[in-house]
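# Coordinates in review
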Amino acid sequence: MQQSDLKLDGNSIGGLLSEIFALEATAAQTTCAGCGAVNPVGQVDVYLNAPGAVVRCPGCEQVLMRIVRGGGRIWIDLTGTRCLEFRDPG
Amino acid sequence: MARAAVLGRLTWRLGKVAEIVQETPAVASLLLDVPGWPGHLAGQHVDVRLTAEDGYQAQRSYSIASAPEDGRVALTVERLADGEVSPYLVGEVRVGDEIELRGPIGGFFVWKAGDPRPLLLIAGGSGIAPLMSMLRHRKAAPAASPARLLYSSRTIEDVIYRPELERLGAGDEAIQVWQTLTREQPPGWTGYARRVDSAMLNEIAWPKERVPAVYVCGPTGFVEEAAELLVDSGYDPAWIKTERFGATGG
């Protein structure tokens, strides 16, 4: 099996993200801290075969987010995300 | 649904299986009655959770195939031989059983009938499920923009929603359905008989001047190829929304 076979997208972690964010997150825009690419969360690459979710930029493959849950905690590393922009529902 | 962008706390709830439709040998649709269901948008999905007697839990995401207008929540599930969840949902589940789910989930891969742009849907295999929700939503809104579907399957036996797609494609000028069978075609087959390519998209896709709304769903390779072909033909990547199913799942 190739690594590409395991590639999902941000739509697949919509449920997980809704446990973390109050606003719908798959339609939010991410800015990659590495290459500056702006993509909707629903469109970025997601790998769930790690212990947790690894979210990568589809442009430069830099890790945008790492989300691990377990032991009563949810741990989020957003080092690779320069900015997350949500639509304000008003 | 006016404030659908603001989510309540996503809670697990129980849906009761009211009907099972065996779509193909490996694919079934579960029609669920879900008390307290808040409604959904076409293209959204749910998380389904199974709990074993020893407490072990397995969770998967499944697209909602029913239209927002439908009374029941339909999940279309493909049985994967080595899957943890799908072999239970396709084959073991009976009418009357209860399934634990949460949703609706997602705000990116969604379509509303009020979108004025013509709609182009491209599906590979079980990727048809969320696009079927859109097509059913489109059917329920006669004044909405015209819609075109291109659906790729391996063989005629693998075509999900076959009778309904034939009706949809035949009944309404505003909804057009094309199919391609990539591996094997039955005698008298008049559809396409190859993988999606640029010549096929040139015949089916809206001219770029129409600025269509495009949704592509299927296996990762299928989705990336179709989206690339559309961009090569002059489509703006921003028009194209994709949802990729990995080769695993389960």
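Before reading further, recall that the structure is shown in the block above.
Below, the structure is looked at part by part. (Residues numbered from 1 in each chain as written. Chains lettered and ligands numbered in written order. Predicted model: local features only at pLDDT ≥ 70, side-chain atom pairs only at ≥ 80, totals over all residues. Heavy atoms only, no water.)

This part is about helix α2 (residues 128-139) of chain B. All names here are of chain B. In a regular helix each residue adds 1.5 Å, so twelve residues correspond to 16 Å; α2 covers 16 Å between its end C-alpha atoms and thus fits that length. Among the twelve residues of α2, eleven are classified as buried, and the element is accordingly described as predominantly covered. Those residues of α2 lying buried are Ile128, Ala129, Pro130, Leu131, Met132, Ser133, Met134, Leu135, Arg136, His137 and Arg138. (Helix = DSSP H or I, 4+ residues; strand = E, 2+ residues; numbered from the N terminus. Expected span 1.5 Å × (residues − 1). Buried < 20%, exposed > 50% of the residue type's maximum accessible area, 1.4 Å probe, protein only.)

Here we come to the environment of Glu19(B). Within the secondary structure, Glu19(B) sits in strand β1 (residues 13-24). In the structure, Glu19(B) is positioned 72 residues away from Gly91(B) in sequence and 13 Å away in space, judged by C-alpha atoms.

Moving on to unusual backbone geometry. A cis amide bond links Gly103(B) to the next residue, Pro104(B), at an omega of 5 degrees. Looking at where Pro104(B) falls in the secondary structure, it is placed in strand β6 (residues 98-105). With phi around 70 degrees, Glu61(A) is a residue other than glycine that occupies positive phi space. Mapped onto the fold, Glu61(A) is located in the loop between β5 (52-56) and β6 (63-70). The class of Glu61(A) is exposed, set by a relative accessible area of 55%.

These values are about where atoms sit, not about what they do.
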